[in-house]
Amino acid sequence: MITLSGSSVTTWTDVVGGYAPTQGVSGSKPVYSATSFNGRPGITFDGTDDSLLAATQPFPSGAAASEIWALIDQKALAADATTRVSLAYGSGASSTSRYVARTTSGGVNRGFANAGNGTSAVQVTDTAVDYSGKHVARVEITGTTIALSVDGNTSVSTADTPSTGTTNIRIGGTLAGSNFANMTANAFLITSPLTTAQAAQMLAFLKARGGIP
Amino acid sequence: MSIVVLFPAGKSASADAYLAFCNANNPDTTPGAIWYLPDRVDAHGQRVVGFLGPLGEWNGGDWPEPQGGAAARADGVLSTTVDWPNEEV
(Lines give C-alpha, C1' and ligand atoms only; values in the text may rest on other atoms or scores of the structure.)
Protein backbone atom coordinates (compact mmCIF):
# COMPACT_ATOMS: atom_id res chain seq x y z
CA MET A 1 0.00 0.00 0.00
CA ILE A 2 1.43 3.35 -0.94
CA THR A 3 0.71 7.00 -0.25
CA LEU A 4 1.34 9.37 -3.13
CA SER A 5 1.83 13.05 -3.74
CA GLY A 6 1.07 13.16 -7.43
CA SER A 7 3.10 10.19 -8.60
CA SER A 8 5.81 10.66 -5.97
CA VAL A 9 5.84 8.13 -3.16
CA THR A 10 5.55 9.48 0.37
CA THR A 11 5.02 6.12 2.10
CA TRP A 12 5.28 2.47 1.04
CA THR A 13 3.49 0.51 3.77
CA ASP A 14 4.16 -3.16 4.39
CA VAL A 15 0.97 -5.12 3.74
CA VAL A 16 1.65 -7.71 6.46
CA GLY A 17 3.04 -5.83 9.45
CA GLY A 18 2.03 -2.30 8.56
CA TYR A 19 5.58 -0.99 8.78
CA ALA A 20 5.75 2.25 6.85
CA PRO A 21 9.00 3.46 5.28
CA THR A 22 8.41 7.08 4.34
CA GLN A 23 10.02 10.09 2.73
CA GLY A 24 9.12 13.59 3.85
CA VAL A 25 11.50 15.42 1.55
CA SER A 26 9.87 16.19 -1.78
CA GLY A 27 13.04 15.95 -3.84
CA SER A 28 13.98 12.55 -2.44
CA LYS A 29 10.72 10.74 -3.11
CA PRO A 30 10.80 7.83 -5.55
CA VAL A 31 8.23 7.73 -8.34
CA TYR A 32 5.32 5.30 -8.64
CA SER A 33 3.89 3.97 -11.87
CA ALA A 34 1.13 1.42 -12.28
CA THR A 35 2.93 -0.17 -15.21
CA SER A 36 6.67 0.42 -14.80
CA PHE A 37 7.57 -3.13 -13.79
CA ASN A 38 6.74 -5.70 -16.43
CA GLY A 39 3.37 -4.02 -16.88
CA ARG A 40 2.79 -4.14 -13.13
CA PRO A 41 3.26 -1.49 -10.47
CA GLY A 42 6.79 -0.32 -9.76
CA ILE A 43 8.53 2.33 -7.70
CA THR A 44 11.52 3.96 -9.36
CA PHE A 45 14.51 5.20 -7.35
CA ASP A 46 16.80 7.56 -9.23
CA GLY A 47 20.20 6.57 -7.80
CA THR A 48 20.89 10.13 -6.66
CA ASP A 49 18.96 10.66 -3.44
CA ASP A 50 15.65 8.77 -3.48
CA SER A 51 14.84 6.51 -0.54
CA LEU A 52 12.18 5.58 2.01
CA LEU A 53 13.08 5.28 5.69
CA ALA A 54 11.28 3.71 8.65
CA ALA A 55 12.35 4.94 12.06
CA THR A 56 12.26 1.49 13.62
CA GLN A 57 12.82 -1.99 12.32
CA PRO A 58 11.02 -5.03 13.75
CA PHE A 59 12.82 -7.69 11.74
CA PRO A 60 15.23 -10.36 13.04
CA SER A 61 18.24 -8.69 14.65
CA GLY A 62 21.41 -9.77 16.39
CA ALA A 63 22.34 -13.16 14.96
CA ALA A 64 18.74 -14.22 14.36
CA ALA A 65 18.06 -15.90 11.05
CA SER A 66 16.14 -14.20 8.27
CA GLU A 67 15.79 -14.02 4.53
CA ILE A 68 15.60 -10.95 2.32
CA TRP A 69 13.96 -11.25 -1.08
CA ALA A 70 14.01 -8.50 -3.69
CA LEU A 71 12.26 -8.25 -7.04
CA ILE A 72 13.84 -5.31 -8.81
CA ASP A 73 14.76 -3.94 -12.21
CA GLN A 74 18.40 -3.00 -11.62
CA LYS A 75 19.31 0.02 -13.74
CA ALA A 76 22.81 1.07 -12.71
CA LEU A 77 25.28 0.75 -15.54
CA ALA A 78 28.17 -1.66 -15.20
CA ALA A 79 30.54 1.31 -15.48
CA ASP A 80 29.07 2.75 -12.27
CA ALA A 81 31.58 1.82 -9.56
CA THR A 82 29.33 2.73 -6.63
CA THR A 83 27.67 -0.08 -4.70
CA ARG A 84 23.90 0.49 -4.89
CA VAL A 85 21.83 -0.70 -1.95
CA SER A 86 18.24 -1.78 -2.64
CA LEU A 87 17.14 -2.42 0.93
CA ALA A 88 18.96 -2.23 4.27
CA TYR A 89 17.92 -2.79 7.84
CA GLY A 90 19.64 -2.69 11.20
CA SER A 91 21.69 0.10 12.70
CA GLY A 92 24.26 2.50 11.27
CA ALA A 93 27.02 1.14 9.09
CA SER A 94 27.44 -2.14 7.25
CA SER A 95 28.98 -3.81 10.30
CA THR A 96 25.61 -3.72 12.08
CA SER A 97 23.17 -3.93 9.19
CA ARG A 98 21.90 -6.37 6.60
CA TYR A 99 21.32 -5.39 3.01
CA VAL A 100 20.76 -6.57 -0.53
CA ALA A 101 22.55 -4.57 -3.17
CA ARG A 102 24.21 -4.36 -6.53
CA THR A 103 27.93 -4.03 -7.11
CA THR A 104 30.18 -4.25 -10.13
CA SER A 105 32.97 -6.73 -10.69
CA GLY A 106 35.07 -7.15 -13.78
CA GLY A 107 32.86 -4.74 -15.66
CA VAL A 108 29.68 -6.72 -14.93
CA ASN A 109 26.79 -5.88 -12.60
CA ARG A 110 26.53 -8.40 -9.76
CA GLY A 111 24.17 -9.12 -6.93
CA PHE A 112 25.66 -8.26 -3.55
CA ALA A 113 24.63 -8.79 0.05
CA ASN A 114 25.85 -7.97 3.52
CA ALA A 115 25.21 -8.93 7.12
CA GLY A 116 27.86 -7.32 9.28
CA ASN A 117 29.23 -9.16 12.32
CA GLY A 118 29.38 -6.14 14.61
CA THR A 119 32.99 -5.41 13.84
CA SER A 120 33.12 -5.41 10.09
CA ALA A 121 31.00 -5.98 7.02
CA VAL A 122 30.51 -9.58 5.90
CA GLN A 123 29.63 -9.58 2.23
CA VAL A 124 29.01 -11.97 -0.62
CA THR A 125 28.98 -11.26 -4.34
CA ASP A 126 27.08 -13.43 -6.79
CA THR A 127 29.13 -14.49 -9.78
CA ALA A 128 26.53 -16.43 -11.75
CA VAL A 129 24.25 -13.74 -13.16
CA ASP A 130 24.66 -10.37 -14.86
CA TYR A 131 22.61 -8.31 -12.41
CA SER A 132 21.34 -5.86 -15.02
CA GLY A 133 17.61 -5.59 -15.56
CA LYS A 134 14.92 -7.60 -13.76
CA HIS A 135 16.03 -10.11 -11.17
CA VAL A 136 15.02 -11.92 -8.01
CA ALA A 137 17.65 -11.80 -5.27
CA ARG A 138 17.46 -14.06 -2.23
CA VAL A 139 19.67 -13.42 0.80
CA GLU A 140 19.73 -16.20 3.39
CA ILE A 141 21.12 -15.32 6.81
CA THR A 142 21.22 -18.37 9.02
CA GLY A 143 23.08 -17.07 12.05
CA THR A 144 26.28 -18.81 10.99
CA THR A 145 26.37 -18.05 7.26
CA ILE A 146 25.20 -15.54 4.68
CA ALA A 147 24.28 -16.73 1.19
CA LEU A 148 23.07 -14.96 -1.93
CA SER A 149 21.44 -16.40 -5.00
CA VAL A 150 20.03 -14.57 -8.01
CA ASP A 151 17.12 -15.95 -10.03
CA GLY A 152 17.45 -19.29 -8.30
CA ASN A 153 20.97 -19.97 -9.46
CA THR A 154 23.55 -21.61 -7.21
CA SER A 155 24.17 -19.45 -4.21
CA VAL A 156 27.46 -18.06 -2.97
CA SER A 157 27.96 -18.09 0.77
CA THR A 158 30.43 -17.37 3.54
CA ALA A 159 30.64 -17.86 7.28
CA ASP A 160 28.98 -15.09 9.24
CA THR A 161 27.67 -14.49 12.73
CA PRO A 162 25.71 -11.29 12.21
CA SER A 163 25.22 -8.60 14.79
CA THR A 164 22.34 -6.64 13.37
CA GLY A 165 20.94 -3.57 15.07
CA THR A 166 17.35 -2.56 15.57
CA THR A 167 17.32 1.10 14.56
CA ASN A 168 15.65 1.40 11.17
CA ILE A 169 15.06 0.17 7.64
CA ARG A 170 15.72 2.00 4.40
CA ILE A 171 14.56 1.15 0.90
CA GLY A 172 16.81 2.62 -1.79
CA GLY A 173 20.06 3.18 0.10
CA THR A 174 22.18 2.46 3.15
CA LEU A 175 20.91 3.30 6.61
CA ALA A 176 23.38 6.19 6.66
CA GLY A 177 21.78 7.67 3.53
CA SER A 178 24.28 6.85 0.81
CA ASN A 179 24.80 4.31 -1.99
CA PHE A 180 21.39 5.11 -3.41
CA ALA A 181 19.84 2.48 -5.67
CA ASN A 182 19.15 3.08 -9.33
CA MET A 183 16.24 0.70 -9.74
CA THR A 184 12.56 0.10 -10.19
CA ALA A 185 11.33 -2.03 -7.32
CA ASN A 186 8.27 -4.26 -7.34
CA ALA A 187 8.57 -6.18 -4.09
CA PHE A 188 10.71 -6.70 -1.00
CA LEU A 189 10.08 -9.46 1.51
CA ILE A 190 11.81 -10.10 4.80
CA THR A 191 10.94 -13.52 6.17
CA SER A 192 11.91 -16.15 8.65
CA PRO A 193 13.99 -18.96 7.11
CA LEU A 194 12.04 -20.73 4.38
CA THR A 195 11.98 -24.42 3.68
CA THR A 196 13.23 -25.63 0.33
CA ALA A 197 9.66 -26.01 -0.87
CA GLN A 198 8.63 -22.59 0.38
CA ALA A 199 11.65 -20.97 -1.24
CA ALA A 200 10.85 -22.67 -4.54
CA GLN A 201 7.31 -21.33 -4.39
CA MET A 202 8.51 -17.84 -3.53
CA LEU A 203 11.02 -17.87 -6.37
CA ALA A 204 8.44 -19.08 -8.87
CA PHE A 205 5.94 -16.45 -7.74
CA LEU A 206 8.40 -13.57 -7.95
CA LYS A 207 9.85 -14.66 -11.29
CA ALA A 208 6.37 -14.93 -12.76
CA ARG A 209 5.46 -11.54 -11.33
CA GLY A 210 8.56 -10.00 -12.87
CA GLY A 211 8.39 -11.80 -16.20
CA ILE A 212 11.75 -13.40 -15.50
CA PRO A 213 12.36 -16.65 -17.39
CA MET B 1 15.99 13.97 -7.76
CA SER B 2 17.76 12.91 -10.90
CA ILE B 3 19.30 16.39 -11.12
CA VAL B 4 20.71 18.38 -8.23
CA VAL B 5 22.38 21.76 -7.83
CA LEU B 6 25.87 21.69 -6.29
CA PHE B 7 27.01 24.84 -4.51
CA PRO B 8 30.71 25.34 -3.73
CA ALA B 9 31.71 25.26 -0.07
CA GLY B 10 31.94 29.06 0.09
CA LYS B 11 28.43 29.50 -1.28
CA SER B 12 26.40 28.02 1.53
CA ALA B 13 24.30 31.17 1.79
CA SER B 14 23.42 30.83 -1.87
CA ALA B 15 22.41 27.22 -1.25
CA ASP B 16 20.20 28.31 1.62
CA ALA B 17 18.60 30.96 -0.56
CA TYR B 18 17.97 28.50 -3.37
CA LEU B 19 16.48 25.99 -0.98
CA ALA B 20 14.20 28.68 0.40
CA PHE B 21 13.16 29.51 -3.15
CA CYS B 22 12.37 25.84 -3.84
CA ASN B 23 10.42 25.50 -0.60
CA ALA B 24 8.39 28.56 -1.54
CA ASN B 25 7.62 27.03 -4.94
CA ASN B 26 7.38 23.39 -3.86
CA PRO B 27 4.93 21.55 -6.13
CA ASP B 28 4.54 18.82 -3.49
CA THR B 29 1.16 19.27 -1.86
CA THR B 30 1.91 16.94 1.05
CA PRO B 31 1.24 18.88 4.27
CA GLY B 32 4.49 20.07 5.79
CA ALA B 33 6.58 18.96 2.83
CA ILE B 34 10.02 20.45 2.46
CA TRP B 35 11.78 20.47 -0.87
CA TYR B 36 15.15 19.14 0.25
CA LEU B 37 17.08 18.55 3.45
CA PRO B 38 19.02 21.66 4.44
CA ASP B 39 22.15 19.87 5.57
CA ARG B 40 23.08 17.72 2.59
CA VAL B 41 26.78 18.04 1.74
CA ASP B 42 28.66 15.86 -0.71
CA ALA B 43 32.06 14.23 -0.23
CA HIS B 44 33.75 17.35 -1.60
CA GLY B 45 32.11 19.78 0.79
CA GLN B 46 29.60 21.06 -1.73
CA ARG B 47 26.07 21.78 -0.60
CA VAL B 48 23.50 19.70 -2.45
CA VAL B 49 19.99 20.92 -3.23
CA GLY B 50 17.51 19.12 -5.47
CA PHE B 51 16.87 20.90 -8.77
CA LEU B 52 13.36 22.22 -9.21
CA GLY B 53 13.01 22.27 -12.96
CA PRO B 54 12.84 20.26 -16.19
CA LEU B 55 14.25 16.73 -16.08
CA GLY B 56 14.44 16.88 -12.31
CA GLU B 57 11.76 14.22 -12.60
CA TRP B 58 9.95 15.16 -9.45
CA ASN B 59 6.48 13.72 -9.69
CA GLY B 60 7.41 11.44 -12.53
CA GLY B 61 8.10 13.93 -15.24
CA ASP B 62 9.30 17.32 -16.22
CA TRP B 63 8.44 20.11 -13.89
CA PRO B 64 8.81 23.66 -15.16
CA GLU B 65 11.38 25.80 -13.43
CA PRO B 66 9.58 28.54 -11.55
CA GLN B 67 10.25 32.08 -12.63
CA GLY B 68 13.40 33.30 -10.92
CA GLY B 69 14.80 29.79 -10.50
CA ALA B 70 17.78 30.22 -12.79
CA ALA B 71 18.84 33.35 -10.94
CA ALA B 72 18.33 31.68 -7.57
CA ARG B 73 20.74 28.87 -8.44
CA ALA B 74 23.26 30.99 -10.31
CA ASP B 75 26.06 30.24 -7.83
CA GLY B 76 25.63 26.50 -8.26
CA VAL B 77 26.03 23.97 -11.04
CA LEU B 78 23.59 21.32 -12.20
CA SER B 79 24.70 17.72 -11.78
CA THR B 80 23.19 14.31 -12.45
CA THR B 81 25.43 12.60 -9.92
CA VAL B 82 26.46 13.14 -6.30
CA ASP B 83 29.47 11.73 -4.50
CA TRP B 84 27.92 11.22 -1.08
CA PRO B 85 30.22 10.87 1.91
CA ASN B 86 30.42 7.59 3.80
CA GLU B 87 29.67 5.52 0.73
CA GLU B 88 30.33 1.87 1.30
CA VAL B 89 32.01 -0.60 -1.00
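By convention here, each chain's residues receive numbers from 1 onward along its written sequence. The order in which chains are written sets their letters, starting at A; the order in which ligands are written sets their numbers, starting at 1. The predicted origin of the model limits local features to residues at a pLDDT of at least 70 and limits the giving and counting of side-chain atom pairs to 80 or more, whereas totals for whole chains, interfaces and linings rest on all residues. Only hydrogens and water are removed before side-chain values are computed, so all heavy atoms of the structure are retained for them.

J.: I'm lost on the side chain of Lys29(A) in this one. Help?
T.: Secondary structure counts use DSSP, requiring at least four H or I residues in a row for a helix and at least two E residues in a row for a strand, with both numbered from the N terminus. With respect to the helices and strands, Lys29(A) occurs in the loop between strand E2 (8-12) and strand E3 (31-37). Each residue is assigned to one of three classes by its accessible area relative to the maximum for its type, calculated with a 1.4 Å probe on protein chains only: buried under 20%, partly exposed between the two thresholds, exposed over 50%. Residue Lys29(A) is classed as buried on the basis of its relative accessible area of 3%. When residues no more than four places from it in sequence are discounted, the contact partners of Lys29(A) are Ser5(A), Ser8(A), Val9(A), Thr10(A), Gln23(A), Gly24(A), Asp50(A), Asp28(B) and Thr30(B). The contact rule is simple, with two residues in contact once any of their heavy atoms fall within 4.5 Å.

J.: Quick question: what am I supposed to make of helix H1 (residues 196-210) of chain A here?
T.: Because an α-helix packs 3.6 residues into every turn, residues spaced three or four apart end up facing the same way. Residues and elements named next belong to chain A. The first and last C-alpha atoms of H1 sit 21 Å apart over 15 residues, in line with the 21 Å expected at 1.5 Å per residue. Looking only at H1, the buried set comprises Ala199, Met202, Leu203, Leu206, Lys207 and Gly210. Within H1, the buried residues cover an arc of 125 degrees as seen down the axis, which keeps them to one side. Away from the buried face of H1 by more than 90 degrees, exposed residues Ala197, Gln201 and Ala208 are located. Where H1 is buried, its residues touch E3, strand E6 (66-74), strand E11 (133-141) and strand E15 (182-191). Just past H1, the residue Gly211 takes up positive phi, approximately 65 degrees. To estimate how far a helix should reach, multiply one less than its number of residues by 1.5 Å. An arc is given here, and it is the one of the directions from the helix axis to the C-beta atoms.

J.: Would you mind showing me how to read the pattern of salt bridges here?
T.: It is possible for side chains of opposite charge to pair when their charged atoms get near one another. Salt bridges are counted wherever a side-chain nitrogen of Lys or Arg sits within 4 Å of a carboxyl oxygen of Asp or Glu. Across all of its chains, the model carries 7 salt bridges over all chains by this definition. A salt bridge links Lys134(A) to Asp73(A), with the nearest nitrogen and oxygen atoms 3.8 Å apart. Of this pair, Lys134(A) sits in strand E11 while Asp73(A) is found in strand E6, placing the two residues 61 residues apart along the sequence. Exposure remark for Lys134(A): the relative accessible area of 30% places this residue in the partly exposed category. For Asp16(B), the salt bridge goes to Arg47(B), with nearest N and O atoms at 2.9 Å. Of this pair, Asp16(B) sits in helix H1 (residues 12-24) while Arg47(B) sits in strand E2 (residues 47-50), placing them 31 residues apart in sequence. Arg47(B) sits in the buried class, given a relative accessible area of 8%.

J.: Which parts of the structure should I look at to understand the packing of aromatic side chains?
T.: Remark: the centre distance and the inter-plane angle together describe each pair of aromatic rings, the angle taken between the planes. Note on ring pairs: Phe, Tyr and Trp rings are taken, using the six-membered ring of Trp, and paired if centres are within 6.5 Å. Classes follow the plane angle, with under 30 degrees stacked, over 60 edge-to-face and the rest tilted. A full pass over the atoms with the stated rule returns 7 aromatic pairs over all chains. Centre to centre, the rings of Phe7(B) and Tyr18(B) are 6.0 Å apart; their planes meet at 45 degrees, and the pair counts as tilted. Taken together, the residues span a long stretch of sequence, with Phe7(B) in strand E1 (residues 4-7) and Tyr18(B) in helix H1 at a distance of 11 residues. Here Phe7(B) matches Tyr18(B) in class, with each residue buried. Every member of this aromatic cluster is reached through a ring pair, and the members are Tyr19(A), Phe59(A) and Tyr89(A). Over a ring means this: the NZ of a Lys or the CZ of an Arg is within 6 Å of the ring centre and within 35 degrees of the ring normal. For the cation-ring pair, Lys134(A) lies above Phe37(A), with the distance from its terminal atom to the ring centre recorded as 5.9 Å. Lying across the ring of Trp84(B), Arg40(B) places its NZ or CZ 4.1 Å from the centre.

J.: Any chance you could explain a nonpolar patch on the surface here in plain terms?
T.: Residue and element names in this part refer to chain A. The residues that make up patches have over 30% relative accessible area and no salt bridge, and they are joined within 9 Å when like-charged or within 5 Å when they are Val, Leu, Ile, Met, Phe, Trp or Tyr. All accessible-area figures derive from a Shrake-Rupley calculation using a 1.4 Å probe, and residue coverage is judged against the displayed protein chains alone. Together, Met1, Val15 and Val16 give the surface a local cluster of nonpolar side chains, amounting to about 400 Å² of exposed area. Relative to the elements of secondary structure, Met1 occurs in the segment before strand E1 (2-5). Note on Met1: relative accessible area 63%, which makes it exposed.

J.: Where do I start with the pairing of strand E13 (residues 156-159) of chain A in this structure?
T.: On a regular strand, one side chain projects to one face of the sheet and the next to the other, so that they alternate. All names here are of chain A. Strands are treated as partners if at least two bridges between them are detected by DSSP. Where strand E12 (residues 145-150) meets E13, 4 bridges bridge the pair, whose relative direction is antiparallel. Opposite Ile146, over in E13, you have Thr158 as the bridge partner. Connecting E12 to the antiparallel partner E13 that follows it, the hairpin turn spans 5 residues, and Asp151 within it adopts a positive phi of roughly 60 degrees.

The values are spatial; any link to function lies outside them.
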